[in-house]
Amino acid sequence: MVKIVHAQTVLPENVLEELKKKTGESATKDAIAKAVEHYLICPYTHEEPLEKKLEEVLKKKKRY
């Protein structure tokens, strides 16, 4: 049996609207649930952000 909990967060309105658009959901709870599920199963979740990788590449180029 799965234990269900209630969770809340505060988001800027524009972020929530963008999340709803990207998930294709109109209800806030459905959009957040879909985003969390995607985050948990996405194989790229735990990789470094692209910006950090680009910064490292640029630093290396400056050294040479």
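What counts and what doesn't
- Residues numbered from 1 in each chain as written.
- Predicted model: local features only at pLDDT ≥ 70, side-chain atom pairs only at ≥ 80, totals over all residues.
- Heavy atoms only, no water.
- Helix = DSSP H or I, 4+ residues; strand = E, 2+ residues; numbered from the N terminus.
- Rg over C-alpha atoms; globule rule 2.2 N^0.38 Å.
- pLDDT = per-residue confidence, 0-100.

This brings us to the overall build of the chain. Each helix and strand in the chain was counted, giving three helices and zero strands. Sequence-ordered secondary structure for the chain, helices as α and strands as β, is α-α-α. Its C-alpha radius of gyration of 17 Å places the chain more than 25% over the 11 Å reference for a compact globule of 64 residues. By principal-axis analysis of the C-alpha atoms, the chain measures approximately 55 × 35 × 20 Å.

Close reading of the predicted structure is inappropriate where its pLDDT is low. In this model, the chain carries a mean pLDDT of 86, and residues with pLDDT of at least 70 account for 92%. Ranking the elements of the chain by mean pLDDT puts helix 3 (residues 50-63) last, at 74, and helix 1 (residues 13-23) first, at 96.

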